[in-house]
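Descriptive structure summary
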Amino acid sequence: MSRSIFEKLRSIPDQYLALISILFMLIPVIYPLGLPLPISAPTRGYYQTIENLPSGSIVVIDNGPSIAQWSQFESPELATYKLLLSRPLKWLSWGTTTDGPVMNDILLKRIDPEKTFGKVYGTDYLILGYIPGYETAIAAVARDTHAVATNDYYGNSVTQYPLWNEITNAKSFALVISINTGCTNMDVESRQWYAIYGLKILEINSASCSAVSINYFPNIMPGGLWGSKGGAELEILSHFPGPGLRLNDAANLGLIPFLVSLAVANIGYLGTRYLRKEKKATP
Amino acid sequence: MSREIKRRIPIGLISVITAFFLIEYFAAPSFTVIHSVKGELTVWGALIAGFMLIFGVFILLRHHFLQLAVRHAGWQDKVCSIVFFAAFLAFLAVGFSTPARVAGANYRWIYQNMYTPTGSAILALCFFWCVYGGYRTFTIKSWESAAIGLGAVIYMLRLLPIGPYYIPQLAPFGDWVLSTINVGATRGGTIAVGIAALILGFRTLIGKETSVLEATKE
């Protein structure tokens, strides 16, 4: 007995699904879409919070991305560093994961802060290495920053840097930027920075975590960038073009096959069910 | 030392430290001794975490060494262990090959050209599993699954530039779903987790919470 069209729709081989997905992702590579991107409220909040910081404020960056999610973190991180460096602000970055300082260093090499923005390492910004412990480490950095590090990421003594001498603990910072891949990251960050010291937190996280992190918006977390979409939006707002829009096109077009597969599967399922019912009703 | 005493010492330590941290939170700034001791303990926490990292590396090395040398593991497992040792030694050698260590150009190269593409490729494979999974299992069989499906579709279409471009109402509607309906539900979950943590904390405080010790058993 030949199968109905609905049954065929329910049994498309995986290879075809994979092929369609790859073809969709290739579209922006061959032909960038460049569709207008509406700026979301968390991105506006993110941008405004940094813009509104008083001159000379120090920002602490809890830097814990996963380098495996490079495509999700590259554009929001890059746009953030450019925005921070373009403003009269100072920042201290430290790793909550081993990947954090490495990615930070790779991206800063690409920006070249001294040449592009006239910012000096050690005076305007400082990168510490990985400090293990995640929440314990955050608590320690907030409590007594000097107690947790003696050298920077490059292995040099931190005491030689003027910025290090301006920092003592959480009270030295005006804002926290948390970069992390965990969907409960804001729970941890808010426990250590906001609940105890009242510091507001901006978050960079993967796109899938926005549904959880949004809980803290806009009071504890006045803004957030989630995935390449967030990065692309900040690139537009800050007028620092980067890889966000291209990556966003590719990442988002990858979702279309997922949506199409959902639609096809459900048409197949509902159609098959309908045909079975009709068959049963026929005497 | 009996097993009971071995259990009671760490449980007692955890209880005392938990109580101390709790008291410190509510203590007035004039109680400087309490605040400085808590500060010292917090820094100890970071140091212990650093030590645990070394301990973790040791456990990992031991596991793979045993898999190669002692255990009657299959050849696939042995290959995995060989790959582990090769990667471990390569990273170690590259890390220590220059005075700049992990900040050196060699280490950055290995990170950018080996670790990043490998990690990204493995993560990218998840995407295909999502497509297969969505196709095979995400069928609307009830009102509940229809609601989940609708929410997922709205959320994803909101992420697509094409979605709000062709349906301008999708962006504000997607934002509303995310920031109102979603927040209502997830905040409930967050509050539940908070209450559970409070109960766990209280059990720890009175020395009833032994799962931190039992969890280490295989």
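Everything numeric here is computed off the predicted structure, so don't read it as measured data. (Residues numbered from 1 in each chain as written. Chains lettered and ligands numbered in written order. Predicted model: local features only at pLDDT ≥ 70, side-chain atom pairs only at ≥ 80, totals over all residues.)

So, on to the overall build of chain B. Scanning chain B from terminus to terminus reveals 8 helices and 0 strands. The C-alpha radius of gyration computed for chain B amounts to 26 Å, which surpasses the reference 17 Å derived for 218 residues by more than 25%, pointing to a less compact arrangement than a globule. On the principal axes, the C-alpha backbone points of chain B span a range of 70 × 55 × 40 Å. Residues classed as buried in chain B amount to 9% of the 218 residues present. (Helix = DSSP H or I, 4+ residues; strand = E, 2+ residues; numbered from the N terminus. Rg over C-alpha atoms; globule rule 2.2 N^0.38 Å. Buried ≥ 20, exposed ≤ 12 C-beta atoms within 10 Å, placed from the backbone.)

A few words now on the overall build of chain A. Within chain A one finds 14 helices and 6 strands. Seen through its principal axes, chain A has C-alpha atoms that stretch 90 × 40 × 35 Å. The contacts in chain A between residues at least 6 apart in sequence include a share of 75% that link residues at least 24 apart. (Contact = placed C-beta atoms within 7 Å.)

On to the pairing of strand E6 (residues 223-226) of chain A, then. Residues and elements named next belong to chain A. Taking every second residue as pointing to the same face, both faces of E6 are buried, with Gly223 and Leu225 on one and Gly224 and Trp226 on the other. With 4 bridges connecting them, strand E5 (residues 201-205) and E6 associate as parallel partners. Its bridge partner lying in E6, Ile204 is registered against Leu225. (Pairing = 2+ DSSP bridges.)

With 48 residues of chain B at the interface, the matching set in chain A holds 53 residues. Those elements that place two or more of their residues in the side of chain B that touches chain A are helix H2 (32-69), helix H4 (105-137), helix H5 (143-159), helix H6 (162-166) and helix H7 (170-205) of chain B. With 16 residues, H4 of chain B is the single largest residue contributor to the side of chain B that touches chain A. Taken together, the residues that form the side of chain B that touches chain A break down as 29 nonpolar, 15 polar and 4 charged. (Nonpolar A, V, L, I, M, F, W, Y, C, P; charged D, E, K, R; others polar.)

Turning to the nonpolar core, a few remarks are in order. Residues and elements named next belong to chain A. Ranked by size, the top nonpolar core spans 75 residues in total, and within it Val59, Leu84, Ile131, Val141, Val176 and Ile177 carry the most contacts. No other element matches helix H4 (residues 70-86), which puts 8 residues into this core. Excluding anything up to four places from it in sequence, Leu84 contacts Ile50, Val59, Leu89 and Trp91. (Core = buried A, V, L, I, M, F, W, Y, C linked by C-beta atoms within 7 Å.)

Of all residues except glycine, most have a negative phi; of all peptide bonds, most are trans. Residues and elements named next belong to chain A. The linkage connecting Phe217 with the following residue, Pro218, adopts the cis geometry, with an omega of 5°. Tracing the backbone through its elements, the reader meets Pro218 in the loop between helix H11 (210-213) and E6. We note that His239 has phi near 60°; this positive angle belongs to a residue other than glycine.

So, about the domain arrangement of chain A. By domain assignment, chain A separates into domain 1 (5-31 + 254-281) and domain 2 (41-242). Placing the centre of domain 1 of chain A and that of domain 2 of chain A at their C-alpha centroids yields a distance of 41 Å. (Domains from an automatic or database assignment.)

Pairing between the strands of a sheet comes from backbone hydrogen bonds, and it takes one of two forms, parallel or antiparallel. Residues and elements named next belong to chain A. Read from one edge to the other, the open sheet built from 6 strands follows the order E3-E2-E1-E4-E5-E6, with strand pairing classed as parallel. Either end of the sheet is taken by a strand with one partner, and the two such strands are strand E3 (125-130) and E6. The sheet shows a mean angle of 15° between the axes of neighbouring strands, direction not considered. Sheet topology note: the strand E4 (residues 175-180)/E5 ladder contains 4 bridges and is parallel. Bridge pairing in E5 links Ser178 to Glu203. (Axes fitted to C-alpha atoms, helices over the stretch in contact; angles between N-to-C directions.)

Now for the pairing of strand E2 (residues 90-95) of chain A. Residue and element names in this part refer to chain A. Most of E2 is tucked away: 6 of the 6 residues are buried. Alternating positions in E2 separate into two faces, Lys90, Leu92 and Trp94 on one and Trp91, Ser93 and Gly95 on the other, with burial throughout. Bridge count between strand E1 (residues 58-64) and E2: 6 bridges; the pairing is parallel. Note on E2: the bridge partner recorded for Asp62 is Trp94. The parallel pair E1 and E2 is bridged by H4, and the resulting crossover is right-handed. Both E2 and E3 contribute to a ladder of 4 bridges, which runs parallel. (Right-handed = clockwise from strand over helix to strand, strands pointing away.)

Okay, helix H7 (residues 135-143) of chain A next. Since the α-helix packs 3.6 residues into each turn, any two residues three or four apart lie on the same face. Burial analysis of H7 of chain A places 8 of its 9 residues in the buried class, the great majority of the element. Listing the buried residues of H7 of chain A in full gives Thr136, Ala137, Ile138, Ala139, Ala140, Val141, Ala142 and Arg143 of chain A. As for H7 of chain A, its buried residues are in contact with E1, E2, helix H8 (145-148) and helix H10 (185-197) of chain A together with H2 of chain B.

Let us look at the confidence of the model for chain B. Residues and elements named next belong to chain B. Scored by pLDDT, chain B comes out at a mean of 84, with 96% of its residues at no less than 70. Element-level pLDDT for chain B is lowest in helix H8 (residues 211-214), with a mean of 67, against a maximum mean of 90 in helix H3 (residues 75-97). Scoring of the predicted complex yields 0.85 for pTM and 0.78 for ipTM. (pLDDT = per-residue confidence, 0-100.)

What follows covers the packing of H2 of chain B against H3 of chain B. Helix-helix packing is characterised by the crossing angle of the two axes and by the distance between the axes. Residues and elements named next belong to chain B. At a minimum axis separation of 9 Å, H2 and H3 run at an interaxial angle of 135°. If you check the angle between H2 and H3, you find them oblique. Handedness of the crossing formed by H2 with H3: left-handed. Contact with H2, carried on its side by His64, Gln67 and Leu68, involves Asp77, Lys78, Ser81, Phe84 and Phe85 of H3 and no other residues of that element. (Parallel < 35°, antiparallel > 145°, perpendicular 65-115°, else oblique. Left-handed = near helix turned anticlockwise from the far one by under 90°.)

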